[in-house]
Amino acid sequence: RGLVHESGLAVEVSAGQMSQRLSSLFVIEVTPAEGHTLAEAEEAIAKELARLAAEGPTDAELERVKNQLEMSFLERQESLQGRASSLNSYYFNTGTPGYMQADLDRYRQATKDGVKQAAARLTVDTRCLIRVTPAPVAEETTP
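Residues numbered from 1 in each chain as written. Predicted model: local features only at pLDDT ≥ 70, side-chain atom pairs only at ≥ 80, totals over all residues. Heavy atoms only, no water.

Visitor: Let's hear about the overall build of the protein: which residues, and what values?
Guide: Looking only at helices and strands, one finds 6 helices and 2 strands in the protein. Listed by position from the N terminus, the elements making up the protein come as α-β-β-α-α-α-α-α. For 143 residues, the compact-globule estimate of 2.2 N^0.38 gives 15 Å, and the protein exceeds it by more than 25% at 19 Å. When its C-alpha atoms are laid out on the principal axes, the protein stretches across 60 × 45 × 30 Å. At a minimum sequence separation of 6, the contacts of the protein that also span at least 24 residues come to 46%. Counting only carbon and sulfur atoms, one obtains 55% of the accessible surface of the protein, whose full area is about 10,900 Å². When the 15 basic and 21 acidic side-chain charges of the protein are each reduced to a single mean position, those positions are 9 Å apart. (Helix = DSSP H or I, 4+ residues; strand = E, 2+ residues; numbered from the N terminus. Rg over C-alpha atoms; globule rule 2.2 N^0.38 Å. Contact = heavy atoms within 4.5 Å. Areas by Shrake-Rupley, 256 points an atom, 1.4 Å probe, with all protein chains shown as cover. Lys, Arg positive; Asp, Glu negative; His and termini not counted. Charge placed at Lys NZ, Arg CZ, Asp CG, Glu CD.)

Listed below in structure tokens is the structure:
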């Protein structure tokens with residue numbers, strides 16, 4: 001919220017954790033606002049991660065994210081295809097298709113201290129930065 005609404009540094013920021021069978025990924029994507037650079041966005045994200053590692057989220061931040069995650073989780077289960085995909089994914093990753101409830105409970109039980117600990121593990125040596133900078137659009141010329 002701070003990067004988009006407060007500082008205007010970015011037009012879009014998203015973050016999410018993707019569990020895998022043997023590991024997981026935590027991905028942060030950012031699109032800098034016009035007049036700002038990726039380096040500025042990376043610095044702001046590093047500061048926010050450091051804040052989370054030191055202080056954890058506010059109660060309001062934690063509650064908002066937990067609500068968003070639960071809503072997203074439940075929306076995926078509304079269609080037959082989404083539910084089948086979830087069951088298949090849980091079976092592949094955990095050996096138990098019914099792990100769905102345990103996973104939802106895991107999100108519901110997230111704590112400020114847990115977020116602090118997770119943020120502290122996102123050190124510089126565990127990060128992989130991938131920068132995508134589109135080429136400038138060439139102006140059309142009329143013959």
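Visitor: Go over the packing of aromatic side chains, please, and point to the residues and values.
Guide: Within the structure shown, the criterion is met by 1 aromatic pair. Ring centres 6.0 Å apart and planes at 55° place the aromatic pair tyrosine 90 and tyrosine 99 in the tilted group. By relative accessible area, which is 10% here, tyrosine 90 ends up buried. Tyrosine 99 gets classed as partly exposed once you look at its relative accessible area, which sits at 30%. Positioned over the ring face of tyrosine 107 is arginine 106, at 4.9 Å from the centre of the ring. (Phe/Tyr/Trp six-rings, centres within 6.5 Å; stacked < 30°, edge-to-face > 60°. Buried < 20%, exposed > 50% of the residue type's maximum accessible area, 1.4 Å probe, protein only. Lys NZ or Arg CZ within 6 Å of the ring centre and 35° of its normal.)

Visitor: Got a sec to walk through a nonpolar patch on the surface? Specific residues and values, please.
Guide: Where nonpolar side chains cluster on the molecular surface, the patch consists of Val13, Phe26 and Ile28 and spans about 220 Å² of accessible area. Mapped onto the secondary structure, isoleucine 28 falls in strand E2 (residues 24–32). (Patch = residues over 30% accessible without salt bridge, like charges linked within 9 Å, V, L, I, M, F, W, Y side chains within 5 Å. Salt bridge = Lys/Arg side-chain N within 4 Å of Asp/Glu carboxyl O.)

Visitor: Give a description of the side chain of glutamine 77 that names residues and reports values.
Guide: Relative to the assigned elements, glutamine 77 resides in the loop between helix H3 (59–76) and helix H4 (80–94). Its relative accessible area of 13% is what places glutamine 77 among the buried residues. Residues in contact with glutamine 77, not counting those within four places in the same chain, are Gly82, Arg83, Ser86 and Met100.

Visitor: Describe the pairing of E2, naming the residues involved and giving the relevant values.
Guide: Strand residues, when the strand is regular, have side chains that alternate between the two faces of the sheet. The pairing of strand E1 (residues 10–19) with E2 spans 9 bridges and is classified as antiparallel. Looking at the pairing, glutamine 17 lines up with phenylalanine 26 of E2. Counting the residues that bridge the hairpin from E1 to E2 gives 4 residues. (Pairing = 2+ DSSP bridges.)

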